[in-house]
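Observations on the model geometry
Here are the chains, one letter per residue:
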Amino acid sequence: MADGVLVKLRIERSAFVLDVDLALPGCGITALFGPSGSGKSTCLRAIAGLERSARGRVVVGSEVWQDAATFVPTHRRALGYVFQEASLFTHLSVRANLEFGRKRVPARERRYTPEAVAELLGIAALLERRPAHLSGGERQRVAIARALLASPRLLLMDEPLAALDVRRKGEILPYLERLHDELSIPIIYVSHAPDEVARLADHLVLLDAGKVVASGPLQDTLARADLPPAFTDDAGVVLDTVLDGHEADDLSRLAFGDGVLHVGRRPEAPGTRLRCRIHARDVSLALERPAGTSILNLLPATVSATTPTDTPGHVLVQLRAGATPLLARITERSRRELDIVPGRQVWAQIKGVALLG
Ligand SMILES: Nc1ncnc2c1ncn2[C@@H]1O[C@H](COP(=O)(O)OP(=O)(O)OP(=O)(O)O)[C@@H](O)[C@H]1O
């Protein structure tokens, strides 16, 4: 993977060991997800070269940042780092803050102009303001713009939305989606908010107690039923759909590889891509195609695996509707009575589809 990011690192602290070996894609957003204290920030800091005790190898594209013979100091690594709180220079205007990011790189290595980045992050109208006169979400967008103007080969974001309230988060998420669509650099994004991860990520790394529990494409990884209970509590799959059309009775059709889902009428135009999440708790199973049900979304599916969950008496069932993975959370009693075993043909009844975005 010539353009990917390789991270093989070990850090030993008295009460904590981080031991990761990751091959991450060279573009798109990789979410680093895990419970508090699992080592997400430590891993990010080590990639940046801020953890001097880290042993191992960090390679970004063709650049070796760290190996047995090399340790490139942080300020020589072409990276952008965005923290929970935007650390802008308060005595400088937004424009001067952005210039500061740009001046860090020689002219021939600059990949973005301040105008293009300001446009990308929707801050063109704020350039003459001081940070004190910006909202939290706007400050964070300026911090991201400043990081990008340093022409990074890798963008690291450590819970960039955690300090914002729900409304501000909602404001900034579309900009993060744009970064994802329009930048060709990899982004590693630390979060412990499942919905944020489901909305933004392409690749997912699950960390627990300093170890990698899973690493893979978002859809496949979320659809795994064999993860530790900490990761299956709020289990659910993500589907990338295209808005197929609106119906007269205020429903919209979402098409995905293996079928169609109906949801309440969406404001978007047909053809719009929409990502949605189907929680395992919103999926129930039937052996025959249900008749006389108010549930609109019924998909034929095949059981691929079942696993116990953290909640006594409940199991997680992994299914495939064609090539599309689904998860259902049912009771052990239902599993036994319906004889839900791998290979069984069932109907998945989807009670809720959460649109992300
Ligand atoms: N500077 C430090 N010195 C010693 N131990 C530390 C240091 N920073 C973090 N730790 C410990 O290392 C472990 C991993 O912490 P880290 O901050 O990387 O976790 P995290 O997954 O980012 O957590 P959170 O979601 O709460 O931010 C924890 O046990 C933490 O207490």
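Fair warning: this is a prediction, and the values are worked out from it, not measured in the lab.

A look at the nonpolar core
By size, the foremost hydrophobic cluster in this structure holds 95 residues, and its most contacted members are Leu327 and Ala348. A domain split of this core shows at least three residues from each of domain 1 (5-231) and domain 2 (236-356).

A word on the site of the ligand
With respect to spatial proximity, the complete set of residues near the ligand consists of Arg13, Phe16, Gly34, Ser36, Gly37, Ser38, Gly39, Lys40, Ser41, Thr42 and His192. Partitioned by chemical class, the residues of the shell around the ligand number one nonpolar, eight polar and two charged.

Regarding the sheet that holds strand β21 (residues 354-356)
As summarised here, the arrangement of the five strands in space is β14-β13-β12-β15-β21, forming an open sheet in which the pairing is antiparallel. Every interior strand has two partners, whereas the edge strands, β14 (259-264) and β21, have only one. The average angle at which neighbouring strand axes cross in this sheet is 45°, direction not considered. Sheet analysis places strand β15 (residues 273-279) next to β21, joined by three bridges and oriented antiparallel. Of the residues in β21, the one forming a bridge with Arg277 is Ala354.

Observations regarding the pairing of β15
Of the pairings in the sheet, the one linking strand β12 (residues 236-247) to β15 comprises seven bridges and is antiparallel in character. Bridge pairing in β15 places Asp240 opposite Arg275.

Some points on the domain arrangement of the protein
By the assigned domains, the protein splits into domain 1 (5-231) and domain 2 (236-356). For domain 1 and domain 2, the distance between their C-alpha centres works out to 32 Å. Contacts between the two partners involve 10 residues from domain 1, matched on the other side by 14 residues from domain 2. Elements with a minimum of two residues in the side of domain 1 that touches domain 2: α6 (194-200) and α7 (218-222). A breakdown of the residues in the side of domain 1 that touches domain 2 according to their chemical character gives six nonpolar, one polar and three charged.

Brief notes about the UniProt feature "domain: Mop" (unreviewed entry) in the protein
Listed under "domain: Mop" (unreviewed entry) in the UniProt record, and renumbered for this structure, are residues 292-357. Taken end to end, residues 292-357 comprises 9% helix and 56% strand; its first and last C-alpha atoms sit 32 Å apart.

Rules used throughout
- Residues numbered from 1 in each chain as written.
- Predicted model: local features only at pLDDT ≥ 70, side-chain atom pairs only at ≥ 80, totals over all residues.
- Core = buried A, V, L, I, M, F, W, Y, C linked by C-beta atoms within 7 Å.
- Buried ≥ 20, exposed ≤ 12 C-beta atoms within 10 Å, placed from the backbone.
- Domains from an automatic or database assignment.
- Near = placed C-beta within 6 Å.
- Nonpolar A, V, L, I, M, F, W, Y, C, P; charged D, E, K, R; others polar.
- Pairing = 2+ DSSP bridges.
- Helix = DSSP H or I, 4+ residues; strand = E, 2+ residues; numbered from the N terminus.
- Axes fitted to C-alpha atoms, helices over the stretch in contact; angles between N-to-C directions.
- Contact = placed C-beta atoms within 7 Å.
- UniProt positions renumbered as here; feature names shortened; annotations may be inferred.

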